[in-house]
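Okay, here's what each chain looks like letter by letter:
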Protein chains: 2
Amino acid sequence: MSSTSAAPGRGEKPPMRDALVAAAFRLFLERGYEQTTVDDIVALAGVGRRSFFRYFPSKEDVVFPDHERCLADMEAFLAAGDATDEPVRRVCDAARLVLGMYGENPTFSVQRYRLTKQVPGLRAYELSVVRRYQRALAGYLRARFAGRPDGTLRADVIAAAVVAAHNNALRSWLRSDGRGDAGAEVDRALAYVQSTYAEVPEPPRAAAAEADGDVVVVVSRRDAPLWRVVKELETVLGHG
Amino acid sequence: MSSTSAAPGRGEKPPMRDALVAAAFRLFLERGYEQTTVDDIVALAGVGRRSFFRYFPSKEDVVFPDHERCLADMEAFLAAGDATDEPVRRVCDAARLVLGMYGENPTFSVQRYRLTKQVPGLRAYELSVVRRYQRALAGYLRARFAGRPDGTLRADVIAAAVVAAHNNALRSWLRSDGRGDAGAEVDRALAYVQSTYAEVPEPPRAAAAEADGDVVVVVSRRDAPLWRVVKELETVLGHG
């Protein structure tokens, strides 16, 4: 087991790995990230340097110990979908896996958020992780939109919107020290993206209507007969 | 002049700075980025180390010599706007400044694109630059959407969508070795974002309608009288 991607997955976290993460965070919080060496971490955890590097390629990786597993989970989830999945819904559900990881241990997530804000190297690491999530989502959407005009544009834009919405809600929760319902905040943020981009299951007819506050959106084929559109509108507006 | 942000702006590029960039790129292409030191660069340019660091905080910065100016231009452009600007259009126009920078010297832009793909450190640097552009756009939109429910969510999502659309078109142009019309590709990509997010000038009534292919979208207040909505629909569908 020489790379992070081969590290044990969910439900089989070895105690030594957990002990290294706990030792690292205790030292990061006590002395600061830059002032803590891998030698300090292994000394506190009572293991050798080789054990550290068995689980973590670098000191930065111990700050984000679960992203590799989460990325693998996300890729597996996307690969397990089929053609009947509404594509935008599927990537929103995939993004929720990241929130799930943060929610497993709110205290740790908040500590890490504060640490990351202070250390430029960790911010850069986090950007590269976010980029990998975004690429996984975009890759799935590109495949689903293959052959469509502007398929890659649409895929890239929607993946970016999903990540931005997810992170807007996640960061708001982290800034509030993990209080409040992160799941509800992320659901609301992702619902905004889904309402913008999700495809109606059938080619749009005088049918798809969505109420958002006091605004009603009606999508209709240009050649739909007017009486059908009006009938739909009556139903939606409650005049019928 | 000790920081990049204090470096000379557009139209007053000093010859020494240009000479350093030219020397650096010649060496990066000949020997590789990692194998080139700042000492090698200043030796070829015939200047001292202090001159290098007067213009560039690090070796990475010489690869992206114009981003600081472009970021400053973008911030100035956004700050110069007023309340009559449609916000999404304004951020799309701001994003076009980045394309303009790449278009000033296509050969250099393509070389840098290839170099960045090969060097992980440069990719990380580029991610952090992209992040700063995205924050500038999001900051502008947050201010414009202040006081609206979900204003920050909307701002963050639209900024991410703009950057993703811009970069989808820019990268496609760079991959084609700078052939083709980058401006037209970026315009098309940004038009997709604008058509999704741009606000109708008036608060939505039974009015805003947008035709996209053979699909018509009507946005209406839930409490609008049905006859007004039907009238609008007739006009849009061409039955009236």
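Residues numbered from 1 in each chain as written. Chains lettered and ligands numbered in written order. Predicted model: local features only at pLDDT ≥ 70, side-chain atom pairs only at ≥ 80, totals over all residues. Heavy atoms only, no water.

Description of the pattern of salt bridges
What counts here: We define a salt bridge as a side-chain nitrogen of Lys or Arg found within 4 Å of a carboxyl oxygen belonging to Asp or Glu. Secondary structure counts use DSSP, requiring at least four H or I residues in a row for a helix and at least two E residues in a row for a strand, with both numbered from the N terminus. Relative accessibility under 20% of the residue-type maximum defines a buried residue, over 50% an exposed one, and the middle range a partly exposed one, all with a 1.4 Å probe and only protein chains included.
Applying the stated criterion across every chain, the model contains 35 salt bridges over all chains. For Arg114 of chain A, the salt bridge is made with Asp177 of chain A, and the minimal N-O distance between the two is 2.9 Å. In this pair, Arg114 of chain A is assigned in helix H7 (residues 106-118) and Asp177 of chain A in the loop between helix H9 (151-175) and helix H10 (182-197), connecting sequence segments 63 residues apart. The class for Arg114 of chain A is partly exposed, based on a relative accessible area of 43%. When the shortest N-O distance is used, the salt bridge between Glu104 of chain B and Arg69 of chain B registers 3.2 Å. With Glu104 of chain B in helix H6 (residues 87-104) and Arg69 of chain B in helix H5 (residues 67-79), this residue pair connects regions lying 35 residues apart in the sequence. In this structure Arg69 of chain B comes out as buried when scored by relative accessible area, which is 10%.

Some words on the UniProt feature "DNA-binding region" (unreviewed entry) in chain A
Basically, it comes down to this: UniProt positions are given in the numbering used here, feature names are shortened, and annotations may be inferred rather than shown by experiment.
Mapped onto the present numbering, the UniProt feature "DNA-binding region" (unreviewed entry) falls at residues 37-56 of chain A. Its end C-alpha atoms 13 Å apart, residues 37-56 of chain A is made of 75% helix and 0% strand.

Notes on the nonpolar core
How we decide: The set of buried Ala, Val, Leu, Ile, Met, Phe, Trp, Tyr and Cys residues whose side-chain atoms join them within 4.5 Å is what this entry labels a nonpolar core. By the convention used here, residues are in contact when the closest approach between their heavy atoms is within 4.5 Å.
In terms of nonpolar packing, the biggest core is built from 134 residues, with Tyr197 of chain A together with Tyr197 of chain B touching the most fellow members. Once residues within four sequence positions are removed from consideration, Tyr197 of chain B is found in contact with Ala161, Tyr192, Thr196 and Tyr197 of chain A together with Val88, Arg154, Val157, Ile158 and Ala161 of chain B.

Observations concerning the confidence of the model for chain A
Residue and element names in this part refer to chain A. Where we set the bar: A residue's pLDDT is the confidence the predictor assigns to it, expressed on a 0 to 100 scale.
With 77% of its residues at a pLDDT of 70 or more, chain A has an overall mean of 84. Across chain A, element-level confidence peaks in H9 with a mean pLDDT of 97 and bottoms out in strand S1 (residues 209-212) with 43. Predicted confidence for residues 1-11 stays below pLDDT 50, and this span has 14 contacts to residues more than four positions away or in other chains. Low pLDDT, under 50, characterises residues 202-213; the stretch is placed with 26 contacts to residues that sit more than four places away or in other chains.

Re the side chain of Asp85 of chain B
All names here are of chain B. Condition: Definition of a polar contact: a pair of N or O atoms within 3.5 Å, with one able to donate and the other able to accept a hydrogen when the atoms are protein atoms, and with sequence-neighbouring residues admitted only if both atoms are side-chain atoms.
Topologically, Asp85 is positioned in the loop between H5 and H6. Reaching out from Asp85, the side chain makes a polar contact with the backbone nitrogen of Asp82 at a distance of 2.7 Å. Discounting residues that sit within four places of it in the chain, Asp85 has contacts with Arg90, Tyr140 and Arg144.

Considerations on H10 of chain A
Side chains three or four residues apart in an α-helix point the same way, a direct result of the helix having 3.6 residues per turn. In plain terms, the rule: Here the expected length of a helix is defined as 1.5 Å per residue gap, with one fewer gap than residues.
Given a rise of 1.5 Å per residue, 16 residues ought to cover 22 Å, and the 23 Å separating the end C-alpha atoms of H10 of chain A matches this to within 8%. When H10 of chain A is considered as a whole, its buried residues turn out to be Ala182, Val186, Ala189, Leu190, Tyr192, Val193, Gln194 and Tyr197 of chain A. In this structure, the buried side of H10 of chain A is in contact with helix H6 (87-104) and H9 of chain A together with helix H9 (151-175) and helix H10 (182-197) of chain B. Of the residues that open H10 of chain A, the one with a side-chain oxygen 3.1 Å from the backbone nitrogen of Gly183 of chain A is Asp181 of chain A.

Focus: unusual backbone geometry
With phi around 60 degrees, Asp177 of chain A is a residue other than glycine that occupies positive phi space. At Asp150 of chain B, a residue that is not glycine, the phi angle is positive and equals roughly 60 degrees. Structurally, the position occupied by Asp150 of chain B is in the loop between helix H8 (120-144) and H9. For Asp150 of chain B, a relative accessible area of 35% puts it in the partly exposed group.

Considering the packing of aromatic side chains
Put simply, the rule reads: A pair of aromatic rings is counted whenever rings of Phe, Tyr or Trp (Trp by its six-membered ring) have centres within 6.5 Å, and the orientation is called stacked for planes under 30 degrees apart, edge-to-face for over 60 and tilted otherwise. Think of it as a cone above the ring: NZ of Lys or CZ of Arg counts as a charge over the ring if it is within 6 Å of the ring centre and within 35 degrees of the ring normal.
Inspection of every chain in the model, using the stated rule, returns 15 aromatic pairs over all chains. Ring geometry for Phe25 of chain A and Phe108 of chain A: centres 4.5 Å apart, planes at 70 degrees, overall edge-to-face. Here Phe25 of chain A, found in helix H1 (residues 15-31), pairs with Phe108 of chain A, found in helix H7; they are 83 residues apart in sequence, far enough to count as distant. Phe25 of chain A gets classed as buried once you look at its relative accessible area, which sits at 4%. Given the relative accessible area of 13%, Phe108 of chain A is considered buried. When the centroid spacing of 6.4 Å and the interplanar angle of 55 degrees are considered together, the rings of Tyr55 of chain B and Phe56 of chain B count as tilted. Tyr55 of chain B sits in the buried class, given a relative accessible area of 4%. Three or more aromatic residues joined by ring pairs form one cluster here, namely Phe25, Phe28, Tyr33 and Phe108 of chain A. One cation-aromatic arrangement involves Arg112 of chain A over Tyr102 of chain A; the distance from NZ or CZ to the ring centre is 4.9 Å. It is Arg154 of chain B that lies over the ring of Phe145 of chain B; its NZ or CZ is 5.7 Å from the centre.

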